[in-house]
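Below, each chain spelled out in residue letters.
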Amino acid sequence: MSTQAQPVLEATTAETREISGAEVLLRGLLAEGVDTIFGYPGGAILPIYDALYDFKEELNHVLVRHEQGGIHAGQGYARASGKVGVVFATSGPGATNLITGLADAQIDSTPLVCITGQVFAHLLGSDAFQETDVINITAPVTKWNYQITEASEIPGILAKAFYIARSGRPGPVLIDITKNAQLDKIPFAGYEPCTHIRSYRPAPVVRPQAVTQAADLINQAQRPLVLWGQGVVLGAAEREFRAFIEKSGIPAAWTILGAGVLPADHPLNVGMLGMHGNYGPNVLTNECDVLIAIGMRFDDRVTGRLDKYARQAQVIHLDIDPSEIDKNVATTVAVWGDCKQTLPMLTRQVAERTHTAWRQRFAEFQAEEVDVVIREALFPTSAELTMGEVVQQLNELTQGEAILVTDVGQHQMVTCRYARLNESRRHITSGGLGTMGFALPAAIGAKFGQPERTVVAIIGDGGVQMTIQELGTLMQTGIAVKIIVLNNQFLGMVRQWQELFSERRYSFVDIQSPDYVTVARGYRIEGQSVSDRAALGPALQAMLAHPGSYMLEVMVAQEQNIFPMVPQGCSVSEIRLK
Amino acid sequence: MERQEFNITAYTENHIGLLNRIAIIFSRRKINIESLNTSPSEIEGIHRFNIVINETEEVVRKICRQIEKQVEVLKVYYNTNDEVIWQEMALYKVPTDIIAERALVERLLRENGARAVVIRKDYTVFETTGHRQETDNLIRVLEPFGLIEFVRSARIAIIKASDGFHLKLNEFEETQPSDEVIENEYLNDRDGVFAM
Ligand SMILES: Cc1ncc(C[n+]2csc(CCOP(=O)(O)OP(=O)(O)O)c2C)c(N)n1
């Protein structure tokens, strides 16, 4: 056990009565402000589910159809709402089904508290029924985890879990609770949230001299470029970011998890970075003189070949996680800290500039990209429907107000590229892990996190079949999630690679689909399938107007490729337009 | 950059599972740990890891930040061999009759800075501490006398320049103070939240 002072448990006031560990847990969740839990029961977590029966009014438990669906729903909830997602699973197979979601949440810095049941403490290590070593299995994919073997540990550890999950760089935390700890009764008089752990510094101390150095570099720059990532969203620093950009006049490009921080049509928003990002920001990364990275981690999908990445530039890196600084790209100036705090300091010290000529370069690249790629993608002249026009029409109908949840593949990149997002937390996708099967459950979670908003899941015909059972969750909860399956009858992104890099050897990428509309009907969900242009608009309208969940299958061109593209192993300036 | 031996010193909470978390940081990067020792430090409740790896400084620096990122890790330092005083301990078991009969035991021990820990009728155990070549040396010396068993500990190291971790920890708390412990907002409306 850690020696850190545990939150106080007052044991002996007159009103104090003894309650089970399970009930302590649920009261703790309430105290943390939890309203929704995604979960799936089983023997080892039965006492908690039993206690949940009495908390039906206060705690909304969503019964998913698979624990992977549960944790992706928790992620979608957290990403849409900015709150901590909470997930329950039983021991053994229940717990191991969480692994993909934990890895996904870990790499995308999503705050989660997962509670797994565990066999009785006296059986630990005996290969008991449904026993697995959850703590060791999940260590590499959690920010923190802990096994509770006594009821008295529950409030203190739960408080730590929430504090760790949501503070600093957020992440998934897992608490494994043995059955005896859930059952045992303890005197309980209160729950105290955790605000300090001796060995844990959520954010490093800001060094003002680094901010000044950064400002000096920026003020001398002729061709500065800002790259922003999810750190701005996680730090809730959207306004601070915008103030910095607008004063300094620096063109800014985004990673896919940073989408929406600057509205799509903001004049300083020069587009998306990375493998399928925009032409200008990719090429010009290798021409800027000062590169300012804000809350992004130089993922290899963004940088391409590192030894040819922005070698000419002096690099300023703002990040809350010191281990990200210099991890992939060496910095000239490192500004440690929460960008909510550091950005205003920087803004105060930077000069007002417009960088007109430099911004013109981006506009030229943009015009070329429109000519070669974008116009045809959004307003095709060919007979076949494109993924781009679906996204384009959705933009028009939803005015950037809907939450779009994407799966992984070509449709994901198309959505990232063409969705007109005006705010952050409007696009939820599996960025770092690239998890197929993410979108349907994550969209369910997003709807619980933002019930007032329209939630549209955009999924490939491959990915939807990975967690299609969650249609059952939609049916049972009765919530409205709009599902668009972009059916190209291929595992499209893999096919694209095989076409471009393996001489069209289409090895096991022609995937067959069921009749999605019939499947949806089986779950009492409305839907239709469209394959011609005239029907697309009305179908999208019907989908959005429908009061409940809706399944819209759109048959799109079978062999379309997503461009631009930075081929694997190439530098960002070698990005191909076709 | 050249690879060389680095001594990583990590100060941590004494927490179950932390050893695994730290080990994973090395194994997922395919870095071999040459030596690992963990034990309580001079401060109550704080443990100290001494880890030796053969790597470039750049790798070591990144590794240290990853270790420090773990919730239960307070602080991590790395040092070259020049910057630390380090020791390993070794035990040697040899048959008493042979060693008594054939060796000039006294000289042997003096020359190798060793001492006898146990002398029994059937075997004698010697102990020595020092750098690798010193403990290796005694193996070679004892081999002709029928060395039965040999064991060497992990390395422990102490930083030459340091004022001790105590001061550093105080500094750490001063420069990176933790948030004030705020009043428990929930206890005020306990009846509402915890009506029982
Ligand atoms: C769980 C998982 N398995 C495999 C992959 C590899 N993968 C990446 S994209 C892709 C194809 C996706 O096809 P589909 O869902 O039809 O979407 P499309 O690319 O056609 O839009 C595959 C198989 C993955 N990302 N995740």
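Reading the values: rules and limits
Residues numbered from 1 in each chain as written. Chains lettered and ligands numbered in written order. Predicted model: local features only at pLDDT ≥ 70, side-chain atom pairs only at ≥ 80, totals over all residues. Heavy atoms only, no water. Helix = DSSP H or I, 4+ residues; strand = E, 2+ residues; numbered from the N terminus. Buried < 20%, exposed > 50% of the residue type's maximum accessible area, 1.4 Å probe, protein only. Contact = heavy atoms within 4.5 Å. Areas by Shrake-Rupley, 256 points an atom, 1.4 Å probe, with all protein chains shown as cover. pLDDT = per-residue confidence, 0-100. Core = buried A, V, L, I, M, F, W, Y, C linked by side-chain atoms within 4.5 Å. Domains from an automatic or database assignment. Pairing = 2+ DSSP bridges. Axes fitted to C-alpha atoms, helices over the stretch in contact; angles between N-to-C directions. Arc of directions from axis to C-beta. Phe/Tyr/Trp six-rings, centres within 6.5 Å; stacked < 30°, edge-to-face > 60°. Salt bridge = Lys/Arg side-chain N within 4 Å of Asp/Glu carboxyl O.

S.K.: How should the overall build of chain B be read in this particular structure?
M.R.: Looking only at helices and strands, one finds 8 helices and 9 strands in chain B. Per-residue burial over chain B gives 42% buried out of 196 residues. At a minimum sequence separation of 6, the contacts of chain B that also span at least 24 residues come to 77%. Carbon and sulfur atoms make up 48% of the accessible area of chain B, which totals about 11,300 Å².

S.K.: What should I look at first to understand the confidence of the model for chain B in this one?
M.R.: The predicted coordinates ought not to be read in detail in places where the model reports low pLDDT. With 83% of its residues at a pLDDT of 70 or more, chain B has an overall mean of 85. Counted against residues more than four places away or in other chains, residues 177-196 of chain B, with its pLDDT under 50, gives 33 contacts.

S.K.: Would you mind going over the nonpolar core with me for this structure?
M.R.: Soluble globular proteins: nonpolar side chains tend toward being buried together. Residue and element names in this part refer to chain A. If you look at the biggest cluster of nonpolar residues, it comprises 100 residues, and the most contacted ones within it are Phe241, Phe244, Leu291, Ile294, Ile316 and Val554. Formed jointly, this core draws a minimum of three residues from each of two domains, domain 2 (208-362) and domain 3 (385-555). Residues contacting Val554, with those up to four places away along its chain left out, are Leu385, Val390, Ile484, Val485, Leu486, Asn487, Val530 and Leu536. Membership of the second largest hydrophobic core comes to 45 residues, among which are Ala22, Val84, Ile115 and Leu158.

S.K.: When you look at the sheet that holds strand 3 (residues 60-63) of chain A in this model, what are you seeing that I'm missing?
M.R.: In a beta sheet, neighbouring strands are held together by backbone hydrogen bonds and run either parallel or antiparallel to one another. Residues and elements named next belong to chain A. Strand order in the open sheet formed by 6 strands is 3-2-4-5-7-6, with parallel pairing between adjacent strands. Every interior strand has two partners, whereas the edge strands, strand 3 and strand 6 (144-148), have only one. Between one strand axis and the next, the sheet turns by 20 degrees as a mean value, whatever way the strands run. Sheet topology note: the strand 2 (residues 36-39)/strand 3 ladder contains 4 bridges and is parallel. Paired with Ile37 across the two strands is His61, which belongs to strand 3.

S.K.: Looking at this structure, I do not really get helix 20 (residues 492-501) of chain A. What am I missing?
M.R.: Since one α-helical turn is 3.6 residues long, residues separated by three or four positions face the same way. Residue and element names in this part refer to chain A. Turning to helix 20, its buried residues are Gly492, Met493, Arg495, Gln496, Gln498 and Glu499. The inward-facing, buried residues of helix 20 contact helix 17 (410-418). One or two positions beyond helix 20, positive phi appears at Glu503, with a value near 50 degrees.

S.K.: It is not clear to me how the domain arrangement of chain B should be interpreted in this structure. Could you clarify?
M.R.: According to the domain assignment, chain B contains domain 1 (4-82) and domain 2 (85-152). Each of domain 1 of chain B and domain 2 of chain B has a C-alpha centre, and the two are 31 Å apart.

S.K.: Hey, could you run me through helix 11 (residues 238-248) of chain A in this one?
M.R.: All names here are of chain A. All of the buried residues in helix 11 are Glu240, Phe241, Phe244, Ile245 and Ser248. End-on view of helix 11: buried residues confined to an arc of 130 degrees, all on one side of the axis. Along its buried surface, helix 11 packs onto helix 9 (208-220), strand 9 (224-228), helix 10 (230-234), strand 10 (252-254), strand 12 (290-294) and helix 14 (339-349). Following helix 11 by one or two positions, Gly249 adopts a phi angle in the positive range, close to 65 degrees.

S.K.: I keep staring at the packing of aromatic side chains and nothing clicks. Help me out?
M.R.: Residue and element names in this part refer to chain A. A full pass over the atoms with the stated rule returns 14 aromatic pairs over all chains. Taking the centre distance of 5.9 Å and the plane angle of 15 degrees together, the rings of Trp144 and Tyr146 count as stacked. Across this residue pair, the class does not change: Trp144 and Tyr146 are buried. Judged by centre distance (5.0 Å) and plane angle (55 degrees), the ring pair of Trp228 and Phe241 falls under tilted. Of this pair, Trp228 sits in strand 9 while Phe241 sits in helix 11, placing them 13 residues apart in sequence. The two residues Trp228 and Phe241 agree in class, both being buried.

S.K.: Help me understand the pattern of salt bridges, please; the structure alone is not making it clear to me.
M.R.: Think of it this way: side chains of opposite charge can pair up when their charged atoms draw near. Residues and elements named next belong to chain A. Tallying each qualifying case throughout the model produces 35 salt bridges over all chains. Salt-bridge contacts for Arg426 lead to Glu423; the nearest nitrogen and oxygen are separated by 3.0 Å. For Arg426, a relative accessible area of 5% corresponds to the buried category. Note on Glu423: relative accessible area 40%, which makes it partly exposed.

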